[in-house]
Amino acid sequence: MPVFWHENTKQFHLLNPHLSYIIQVLENGHLGQLYVGKRLNDREDFGQLQERASRSFSAYPENLDPYFSLEQLRQEYPCYGSGDMRYPAVEVEGENGSTLTDFVYLSHKIFDGKPCLEGLPATYTEQQGEATTLQILLRDPLTGLELTLNYTIFETLPVLARSAYFHNGGSQRLVLQNAMSLSVDLPDKEYEMLTLYGAWAKERMVQITPLQMGAQEVYSLRGGSSHHMNPFLALKRPDANETQGEVLGFSLVYSGNFLAQAQVDGFDVVRVMLGIHPEHFSWELLPGAHFQTPEAVMVYSDTGLGGMSRAFHTLYRTRLARGYWRDRPRPVLINNWEATYFHFNEEKILEIAKGAKELGIELFVLDDGWFGKRDDDTTSLGDWYPDLSKLPGGIVSLAKKIEDLGMKFGLWFEPEMVSKDSRLYREHPDWALSIPGRGMSPSRHQHVLDFSRPEVVDYIGDLMEKVLSQAPVSYVKWDMNRSMTEVYSRALPAHRQGEVFHRYILGVYALYQRLTDRFPQILFESCSGGGGRFDPGLLYYAPQCWTSDNTDGVERLKIQYGTSMVYPVSSMGAHVSAVPNHQVHRMTPLSTRANVAFFGAFGYELDLNLLSQQERQQVKEQVAFMKEYRQLLQFGDFYRLKNPFTGNEAGWMAVSADRRQAVVGYYRVLRHSNMPFTRMKLQGLDPSLCYRVTVEGESSLHYGDELMYAGLSTSDRAASKRDGRESGDFYSFLAVVKAE
Ligand code: DGJ
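Keep in mind the model is a prediction, meaning the values are calculated, not measured.

Asks: I keep staring at the overall build of the protein and nothing clicks. Help me out?
Replies: Regarding its fold elements, the protein presents 13 helices and 38 strands. For the protein, the spread of C-alpha atoms along the three principal axes comes to 85 × 70 × 45 Å. Across the 740 residues in the protein, those meeting the buried criterion constitute 62%. Residue pairs in contact within the protein that sit at least 24 positions apart in sequence constitute 70% of those at least 6 positions apart. Of the roughly 26,600 Å² of accessible surface on the protein, a fraction of 50% belongs to carbon and sulfur atoms. Between the mean site of the 73 positive side-chain charges and the mean site of the 90 negative ones, the protein shows a separation of 5 Å.

Asks: Could you clarify how one ought to interpret the packing of helix H10 (residues 590-597) against helix H11 (residues 613-635) in this entry?
Replies: A packed helix pair is summarised by two numbers, namely the angle formed by the two axes and the spacing between the axes. Where H10 contacts H11, the axes come no closer than 11 Å and their chain directions differ by 20°. Between H10 and H11, the angle falls in the class roughly parallel. Where H10 crosses over H11, the handedness of that crossing is right-handed. Packed against H10, whose contacting residues are Leu-590, Ser-591 and Ala-594, the element H11 presents Glu-615, Gln-618, Val-619 and Gln-622 at the interface. A class-by-class count of the residues in the contact of H10 with H11 yields three nonpolar, three polar and one charged.

Asks: When you look at the sheet that holds strand S3 (residues 19-25) in this model, what are you seeing that I'm missing?
Replies: Across a sheet, strands are paired by hydrogen bonds formed along the backbone, either parallel or antiparallel in direction. Ordered in space as S1-S2-S3-S4, the four strands form an open sheet in which the pairing is antiparallel. Looking at which strands have only one partner, the edges of the open sheet turn out to be strand S1 (3-6) and strand S4 (31-38). In this sheet, adjacent strand axes meet at a mean angle of 15° when their direction is disregarded.

Asks: Please explain the pairing of strand S26 (residues 475-478) as it appears in this structure.
Replies: Consecutive residues of a regular strand have side chains that alternate between opposite faces of the sheet. A two-sided burial pattern is seen for S26, the buried positions comprising Tyr-475 and Lys-477 on one face and Val-476 and Trp-478 on the other. Sheet topology note: the strand S23 (residues 408-413)/S26 ladder contains four bridges and is parallel. Within S26, the position partnered with Trp-412 by the bridge is Lys-477. Pairing of S26 with strand S27 (residues 523-526) involves four bridges; the strand directions are parallel. The residue of S27 that forms the bridge with Tyr-475 is Leu-523. Considered for its hand, the β-α-β crossover made up of S26, helix H7 (residues 500-518) and S27 is right-handed.

Asks: Before we go on, may I ask you to explain the sheet that holds strand S32 (residues 649-655) in this structure?
Replies: A sheet is described by the order of its strands in space; here six strands give the open sequence S31-S32-S33-S38-S35-S36, paired in antiparallel fashion. With one partner strand each, in any of the chains shown, strand S31 (637-642) and strand S36 (698-703) form the two edges of the open sheet. In this sheet, neighbouring strand axes are inclined to one another by 20° on average, regardless of whether the strands run parallel or antiparallel. When S31 meets S32, the two strands line up antiparallel, connected through five bridges. Paired with Lys-642 across the two strands is Gly-651, which belongs to S32. The strands touched by helix H9 (residues 553-563) are S31, S32 and strand S33 (661-668); relative to S32, the strand with the most contacts, the crossing angle is about 50°. With respect to the sheet, H11 is in contact with S31, S32, S33 and strand S38 (731-739), its orientation differing from that of S33 by roughly 95°.

Asks: Hey, could you run me through the packing of aromatic side chains in this one?
Replies: Here the distance between the centres and the angle between the planes together describe a pair of aromatic rings. This structure, assessed with the given rule, holds 40 aromatic pairs. Between the aromatic rings of Trp-370 and Trp-384, the centroid separation amounts to 5.9 Å while the plane-to-plane angle is 40°, which identifies the pairing as tilted. Here Trp-370 is found in the loop between strand S22 (363-366) and helix H4 (394-404), whereas its partner Trp-384 is found in the loop between S22 and H4, with 14 residues between them in sequence. Comparing Trp-370 with Trp-384, the two get one shared label, buried. Taken together, a centroid distance of 4.9 Å and an interplanar angle of 90° make the contact between Tyr-540 and Tyr-541 edge-to-face. Residue Tyr-540 shares its accessibility class with Tyr-541, and that shared class is buried. Of the aromatic side chains, those joined through ring pairs into one cluster are Trp-478, Tyr-509, Tyr-512, Phe-524, Tyr-540 and Tyr-541. Geometry around Tyr-191 places Arg-237 over its ring, the cationic atom sitting 4.1 Å from the centre. Residue placement shows Lys-390 over the ring face of Phe-344; its charged tip is 4.9 Å from the ring centre.

Asks: Is there a simple way to explain the domain arrangement of the protein in this structure?
Replies: Often, the extent of an interface is quoted as the loss of accessible area upon association of its parts. For the protein, the assigned domains are domain 1 (3-318), domain 2 (333-418 + 451-482 + 515-635) and domain 3 (649-739). Of note, the centres of domain 1 and domain 3, computed from C-alpha atoms alone, are 41 Å apart.

Asks: Any chance you could explain the site of the ligand here in plain terms?
Replies: Taken together, the neighbourhood of the ligand is formed by 13 residues, with Asp-367, Asp-368, Lys-477, Asp-479 and Asp-549 sitting nearest. Between a nitrogen atom of the ligand and a side-chain N or O atom of Asp-479, the distance comes to 2.7 Å. Within the complex, the protein chains bury 98% of what would otherwise be the 290 Å² of accessible surface of the ligand. Across the shell around the ligand, the residue classes tally to four nonpolar, three polar and six charged.

Asks: Mind showing me how you'd approach the pattern of salt bridges here?
Replies: Between side chains of opposite charge, a pair can form when the charged atoms approach closely. Throughout the structure, instances matching the rule amount to 46 salt bridges. The shortest N-O distance in the salt bridge between Arg-86 and Asp-265 comes to 3.7 Å. Here the residue Arg-86 occupies a position in the loop between S4 and strand S5 (90-93), and Asp-265 occupies one in the loop between strand S16 (258-264) and strand S17 (270-276), the gap between them amounting to 179 residues. By relative accessible area, which is 13% here, Asp-265 ends up buried. In this structure, a network of salt bridges that share partners links the residues Asp-84, Arg-86, Asp-185, Asp-265 and Arg-271.

Asks: Quick question: what am I supposed to make of unusual backbone geometry here?
Replies: Keep in mind that most residues, glycine aside, have a negative phi and that most peptide bonds are trans. Of the consecutive residues Val-579 and Pro-580, the connecting peptide bond is found in the cis state with omega at -10°. Counting through the fold element by element, Pro-580 comes out in the loop between strand S29 (572-577) and H10. Its identity as a non-glycine residue notwithstanding, Tyr-341 has a phi of 50°, on the positive side. Within the element layout of this structure, Tyr-341 appears in the loop between helix H2 (337-340) and helix H3 (346-357). Residue classification places Tyr-341 among the partly exposed positions, given a relative accessible area of 29%. For Phe-730, which is not glycine, the phi torsion reads 60° and is therefore positive.

What counts and how
- Residues numbered from 1 in each chain as written.
- Predicted model: local features only at pLDDT ≥ 70, side-chain atom pairs only at ≥ 80, totals over all residues.
- Heavy atoms only, no water.
- Helix = DSSP H or I, 4+ residues; strand = E, 2+ residues; numbered from the N terminus.
- Buried < 20%, exposed > 50% of the residue type's maximum accessible area, 1.4 Å probe, protein only.
- Contact = heavy atoms within 4.5 Å.
- Areas by Shrake-Rupley, 256 points an atom, 1.4 Å probe, with all protein chains shown as cover.
- Lys, Arg positive; Asp, Glu negative; His and termini not counted.
- Charge placed at Lys NZ, Arg CZ, Asp CG, Glu CD.
- Axes fitted to C-alpha atoms, helices over the stretch in contact; angles between N-to-C directions.
- Parallel < 35°, antiparallel > 145°, perpendicular 65-115°, else oblique.
- Left-handed = near helix turned anticlockwise from the far one by under 90°.
- Nonpolar A, V, L, I, M, F, W, Y, C, P; charged D, E, K, R; others polar.
- Pairing = 2+ DSSP bridges.
- Right-handed = clockwise from strand over helix to strand, strands pointing away.
- Phe/Tyr/Trp six-rings, centres within 6.5 Å; stacked < 30°, edge-to-face > 60°.
- Lys NZ or Arg CZ within 6 Å of the ring centre and 35° of its normal.
- Domains from an automatic or database assignment.
- Near = heavy atom within 4 Å.
- Polar contact = N/O pair within 3.5 Å; in protein donor to acceptor, adjacent residues only side chain to side chain.
- Salt bridge = Lys/Arg side-chain N within 4 Å of Asp/Glu carboxyl O.

Now the structure itself:
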C-alpha cells in the first residue's frame, strides 16, 4: 500500500517509485502540507519540513502560539478569513453571511482502487493494486459541513489524482461559492510556468514565463474549456527541458469554466490551485445535500517535460479514455467538410466516398449540413431530421450505401445548440439560455440550449438515439461552435443561477454517458470549432478530439506539439486537407501534410477525386503506411525532438513499448540558402540495439546510442541532396527505425 499513516506524528505519506506527497494534521486540526516531489524513504516524522515563523501582521488562533499562523503554513485545502491571506481553495456562505470555514480532521480511510465520481469524468483503475486511495474526512464544527479530500496515488505512474466532496451534515442552508479540486503549496518559487494558450485555429500554443510575485493564471469563463487557455499548467525548474529536470504538471478533468492559478506570496511560497472558476459559480447545499468537485491530476517528473507528457499520455490514454475504441487503432477517415461545406447531395457524397474507398480509406464522415434546411450556418440546429432534398433516402439509405461500398459511416451533430430558425426554437424558445427581459447575443447565428435542464438533454438524446439506432453509424463527431452568453436558466430560481454553468456541463456529460452506454461501439470524436474543448473531461467519453480547424500541415506543427504536452497522439484528430489551405492559403506539400497528420487520429478532409493520378497514388501509399504503423504511431511512447516554437524545425517520434521500432517525423519550415548541417537526436531507443533506419526508400544501420547521442542527419536530405519543392520550404521526412 503506498499510503502510510503515522499515528504518532499524524502524518500521511503517499508514495510510489516516483513521487512522495506528505500531509500532516496540524495543531488546529487543519491539514498542512509537508512535501511534494521526488520519492522519499518513508519515516515516522517529516515535521521538520514545515517551517514556522512569527512574522509581523500574521494572525494566529487564540489558543495557539504566534508561530502558528495559517499565513505562514503550507496547507492542503486553505480557507480565507482566519489568518491565511492568499486566494483560498474554498468559500462557503453560511446563514450568518460569513464565508469562513474551519475544516478539522475527523477520520480517514485508505483502500485499494479508486471510486468513481458521481456524474463526472475521472481517471480509474482496472486491476487490484493499480492505485491506492486516501480519503480524509474533515468537518466544520459551526455549520456541520463535511469535507472529504480524495487522493489517489497510482502504483507505477508518477500521478496523484485529487478531488473534494462536500456534504452538508448540519441544519443550515449553505452556499458553496468556491470549491477547488486541488491546492498545493510549494516552498520556493524557482519555477517557470508553462501554459497552453491560443484562439480558434491556433490552439495550445506553448507559453513559458518565469514565476513572478502575485497571481498568474489561465482560465475560462466561456462555458467550455476554450481554445484560448487549456485547463493545465506546469511548473518547471528553470533548468528543466524536454529530457531532464523537475516538472510538476497539473491538469483538470473538466470541460467547463476553470481556473488554474499559481500565486507567489511575499515569502516565495507558491500556491497552485485548479478547479471550477469561482467567478459565476455558486451551489446551494441544503441540509443533507452534497457536491463533488471535478478531479485534478498532478504529475511529477524528474525527466523533464517529456517525462511529464508521457505520464499524462499513458494515464489519459489508458485510465481516462474508456470503451471499445480505447486501445484500438483508429480508422483512416475522410470527412466532407472542407470538400463540400454545406453544398452536397447524396450523389456527391457517394462520389467522394467511392474515390476515397479506392485509396484504402475506411470511414466516411458526413459533417454539417445534413439535417433540417441547413444550407448555411444560419438555420436548423436542433432539428436532427435528415434533409430529404439533399439525401432523398435520409441517413439510413446513405449510411447503407456507404457500407455497401465497404466503408463505415460517421455523422456530425452539434447537440447543444439551437438556431432561431428551427422547429425546435419555435416550439421551445425558453430552452435557449437567455435572461428574461434582455437581448440575446448570437454567435455563428446560433444559441446555446439550456443543458442544465434534464428535459432538454433528454429531448436531444431521444432525437440522436433515433438517428443512431436506425442507421448503421459507426462514428459520431460532436461539435460545439460558440462561447456561452446570457447564461441563465428559466428552470432555476434567482438564487441558484450560479449553478447553471456547472449544471450545463453535467448535462453534456450525462448525454455523452447515455449515448456511449447505448452505442458502446460508436467511436465518438469531440470537437468545438476544432480544439475549443480539447480537455481531459471529454476524453473520458470521446477518446479523440478534432484538434483544430486549422488543417495546414505547417500550422499543425505548433498546434500538435503544444497539444502533446498533455494529450496523447491517439486523441488528436489530424487530417490532410487541400491546397491552397483553406485557413492560411499555404501550399504545403502533400507529403508534409500527411507526415504531420500521421501523428494523430489520421484522415483526409478534401475531395480526393480532384487530385491528379500521381497524387492519388501518393495518398494510397500514405493510407497503406498509416495502416501498417498506426498501432505504433497512436499508441507508442511519444517523444518531442525539435521545438517549432523556438526554431525553424520540428521533430517528434513514436517508440514501441519494447523499443524495437519507432517512426520519426522531421519537419523544416523554411528553406534558407547555404544552410548549416543539422542533426536531430532521437530518444527512447535502446542504446545497445542496432537499428535499420529507412528514410525515403534508403536505409542504413546505426546503433541506438549513435541515433540518440550523435543524432540522425537531417541536413543531407533536406539541404543538399534534393531539389524541387519537396526539399524547399515546408519540407519533411519520416524515418522508420527497426531493430535488426
Ligand atoms: C466546426 C468544426 O470544427 C468543423 O470541423 C466542422 O465540423 C464545422 N464546425 C461544421 O460546422
